[in-house]
Amino acid sequence: MTIKYTFYDSMKNERGKMIQTIRGTKDLLPDVINQWHFVESQFRKVSSNYGYSEIRTPIFEKTEVFSRSIGEETDIVNKEMYTFTDKGGESVTLRPEMTAALVRAVIQNSLLQQSSTLKLWYFGPFFRYERPQKGRLRQFHQYGAECLLSPYPESDAEVVFLANDIIKSIGINDYALFYNTLGNAESRKNYRNELLKYFRSVKDNLSTDSLNRLENNPLRILDSKDERDIDIVRNAPLITESLDNESLDYFRSFEALIENSGIKLVHNPRLVRGLDYYNHIVFEFQNSSLGAQDSFGGGGRYNDLFEQLGSKQSVPAVGFALGVERMLLILEQNESLKLQENIPDVFIIATSTDLLKQSRDIAAILRARGLQVIVDLQRRSVKAQMREANRNGAKFTIIVGDNEIARNIVIVKEMATGSQSECPLANIVHYPFS
Ligand code: HAM
């Protein structure tokens, strides 16, 4: 009996304790939700201007969707995936990115048979077990777009222009596009051999992580952030020296297409990106105000991914993703965030609780007109309701009083001017609240 009691007591304590969000995750509270609505509306508008259609897939997938595509030796797969075995014994993973999941969905739903170029966009939450810091979360959001079936650099350029228009449409103007090529499969193989030769010659000085990656995936060492590797990487051979003619031609054509676009361009021959599925063009959008996490978007071409994930058909593809939290951070730092406040059109004040029914009826009529209408839910005094209407910044108040209802009218007050007028109840449906 005593034991049971103690157990109950400790449960009670547990129950009373405040529970916090998981580290690296954030609540999006009402005061910022308008920023999100704004950026989301721009994603929808600009994507549709380019003829891209939205796709939504589940937020978790079979683990191999990601391990087979992103690369076993990458940080994402190695260290950052939220992977667990479900109750049926299946290994599942919260999606760390969209490209692999989108490719899975396109193959599974045979979407490629329906068009010659398939252009898709997405927005949603993604999950990576990273060390949280400014601009780096464990649940974050991406907007992204993928252009499937075109093997030509015009499609690489198009996705860059789409990204650029999205970024500008939400108010970010100061950024640069860093780009590079990883070449075709042949060039990449040559480059891999060059890197192997070089890293083997300095292997005693490499970090443990890099040493482990050396034989399987020396390319990954290039984006190591470990102090011990940084100098070694600085002297590593460049991909440009291993490119064959086809790869060089592709790269030059891409460069020519983006040359006069007004985007600040920087060719960075060391840019390799943190995912293994790329070939040919890779790129990142960077903004100096983000500090260590200066890249707020990235993408590239991935011509082999479809076959890697089981497609019988080879599908040339290119795309990118932008980090929404990082873009909002840039806007906040530049104080250029457009904040649309949630301002009610009308606040209805009932002079007694007996009149709440009439208030609700008027509210229903006005809401049906598309107006934002607040009614009192606290049974407050007229004075307190008026204070609340002011606090909310309501444009109009409607006063519903016994005398007025007896005469089938209400009083309408325009808050900015203080001017008041009587409005017959039958006319409230037409009253110009604007
Ligand atoms: P990614 O470079 O891994 O590429 O991610 C794209 C963007 O997502 C980053 O530039 C960053 O803004 C944001 N991001 C990534 N991790 C975090 C994090 N932990 N916290 C906050 N933001 C983060 C991809 O995901 C590829 N799927 C892009 C792509 C699409 N390539 C071809 N198509």
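As a reminder, the structure under discussion sits directly above these lines.
Anyway, here's the lowdown on the structure attached to this text. Just so we're clear, the structure is a prediction, and the values are computed from it rather than from any experiment.

What the 3 strands build is an open sheet, ordered 2-4-3; its pairing is antiparallel. Sheet topology places strand 2 (60-62) and strand 3 (82-85) at the edges, where each strand pairs with a single neighbour. Direction aside, the axes of adjacent strands within the sheet are offset by 30 degrees on average.

The subject of this paragraph is the nonpolar core. Counting residues in hydrophobic clusters, the biggest one holds 52 residues, and the most contacted among them are Leu148, Phe199, Leu222 and Phe306. With 6 residues, helix 5 (residues 99-108) is the largest single contributor of residues to this core. Contacts of leucine 148, omitting those with residues within four sequence positions, involve Leu102, Val106, Leu112, Ser116, Thr117, Leu118, Leu120, Tyr302, Phe306, Val315, Pro316 and Ala317. Trp121, Tyr250, Ile281 and Phe283 belong to the second-largest nonpolar core, a separate cluster that totals 41 residues.

So, about the site of the ligand. Surrounding the ligand, one finds 27 residues, the nearest of these being Glu97, Glu130, Leu137, Glu146 and Tyr278. With respect to the ligand, the side chain of arginine 128 contributes an N or O atom lying 2.9 Å from an oxygen atom. Within the backbone of phenylalanine 320, one N or O atom sits 3.3 Å away from a nitrogen atom of the ligand. For the ligand, whose accessible area on its own is 660 Å², the fraction buried by protein is 96%.

The next subject is the environment of serine 289. Relative to the helices and strands, serine 289 is located in the loop between strand 9 (279-286) and strand 10 (295-301). Here serine 289 falls in the partly exposed class, since its relative accessible area comes to 26%. Separated by 155 residues in the primary sequence, serine 289 and lysine 134 have C-alpha atoms spaced 11 Å apart. If we ignore the near neighbours within four places in the chain, the residues touching serine 289 are Lys134, Ile330 and Gln333. In terms of polar contacts, serine 289 uses its side chain to reach the side chain of asparagine 287, at 2.4 Å. A distance of 3.2 Å separates polar atoms of two side chains, one belonging to serine 289 and the other to glutamine 333.

This part is about the sheet that holds strand 7 (residues 176-181). Hydrogen bonds between backbone groups are what pair the strands of a sheet, and the pairing can be parallel or antiparallel. Strand order in this open sheet of 8 strands is 1-5-6-11-10-9-7-8, and the pairing throughout is mixed. The open sheet has two free edges, formed respectively by strand 1 (53-54) and strand 8 (264-267), since each of these has just one partner strand. Sheet strands touched by helix 2 (residues 30-49): strand 5 (118-127) and strand 6 (139-148). Its angle to strand 5, the strand with the most contacts, is close to 160 degrees. Together, strand 5, strand 6, strand 7, strand 9, strand 10 and strand 11 (317-323) form the strand contacts of helix 6 (residues 153-169), whose direction differs from that of strand 11 by roughly 15 degrees.

This brings us to the packing of helix 6 against helix 10 (residues 245-258). Two elements in contact, helix 6 and helix 10, have axes whose closest approach is 9 Å; the angle formed by their N-to-C orientations is 40 degrees. When the interaxial angle is binned, helix 6 and helix 10 end up oblique. Like other packed secondary-structure pairs, helix 6 and helix 10 cross with a definite hand, here right-handed. Counted together, Pro153, Glu154, Asp156, Ala157, Val160 and Phe161 of helix 6 and Tyr250, Ser253, Phe254, Leu257 and Ile258 of helix 10 form the full contact between these two elements.

So, about the packing of aromatic side chains. We describe a pair of aromatic rings using the distance from one ring centre to the other and the angle between the two ring planes. This model, assessed by the stated rule, comprises 20 aromatic pairs. Arranged with centres 5.9 Å apart and planes meeting at 65 degrees, the rings of tyrosine 175 and phenylalanine 285 form a pair that is edge-to-face. Of this pair, tyrosine 175 sits in the loop between helix 6 and strand 7 while phenylalanine 285 sits in strand 9, and the two are 110 residues apart along the sequence. By relative accessible area, phenylalanine 285 is classed as buried at 0%. On the numbers, 6.4 Å between centres and 80 degrees between planes, the contact of phenylalanine 396 with tyrosine 431 is edge-to-face. With phenylalanine 396 in strand 14 (residues 396-400) and tyrosine 431 in the segment after strand 16 (420-424), the pair connects residues that are 35 residues apart, well separated along the chain.

Burial analysis of helix 12 (residues 324-333) places 8 of its 10 residues in the buried class, the great majority of the element. Of all the residues in helix 12, the buried ones are Val324, Glu325, Arg326, Met327, Leu328, Leu329, Ile330 and Leu331. Packed against the buried residues of helix 12 are helix 2, strand 5, strand 6, helix 6, strand 10 and strand 11.

Procedures and definitions
- For every chain, the first residue of the written sequence is number 1, and numbering continues from 1 onward in sequence order.
- Totals for whole chains, interfaces and linings use all residues, but because this is a predicted model, local features are given only for residues with pLDDT of at least 70 and pairs of side-chain atoms are given and counted only at 80 or more.
- As a convention, hydrogens and water are excluded, and side-chain values are obtained from all of the structure's heavy atoms.
- Pairing between two strands requires that DSSP report at least two bridges joining them.
- Here a strand is any run of E in DSSP of at least two residues, a helix any run of H or I of at least four, and the numbering for each starts at the N terminus.
- The axes are straight lines fitted to the C-alpha atoms, using for helices just the contacting stretch, and the angles between their N-to-C directions are given from 0 to 180°.
- In these notes, a set of buried Ala, Val, Leu, Ile, Met, Phe, Trp, Tyr and Cys residues joined through side-chain atoms within 4.5 Å is what counts as a nonpolar core.
- Here the term buried applies to any residue with accessible area under 20% of the maximum for its type, exposed to any over 50%, and partly exposed to those in between, with areas from a 1.4 Å probe on protein chains only.
- By the convention used here, residues are in contact when the closest approach between their heavy atoms is within 4.5 Å.
- Nearness is judged by heavy atoms alone; a residue qualifies as near a molecule or strand once a single heavy atom is within 4 Å of it.
- Distance and chemistry together define a polar contact, namely a pair of N or O atoms within 3.5 Å, with one atom able to donate a hydrogen and the other to accept it when in protein, and with adjacent residues in sequence counting only for side-chain atoms on both sides.
- All accessible areas in this document rest on Shrake-Rupley with a 1.4 Å probe, and a residue is counted as covered only by the protein chains that are shown.
- Any angle that falls under 35 degrees is termed roughly parallel, while one over 145 is termed roughly antiparallel, one within 65 to 115 roughly perpendicular, and all others oblique.
- Left-handed describes a crossing whose near helix is turned anticlockwise from the far helix through less than a right angle; right-handed describes the clockwise counterpart.
- Any Phe, Tyr or Trp ring, taking Trp's six-membered ring, that has another such ring centre within 6.5 Å forms a pair; planes under 30 degrees apart are called stacked, those over 60 apart edge-to-face, and the others tilted.

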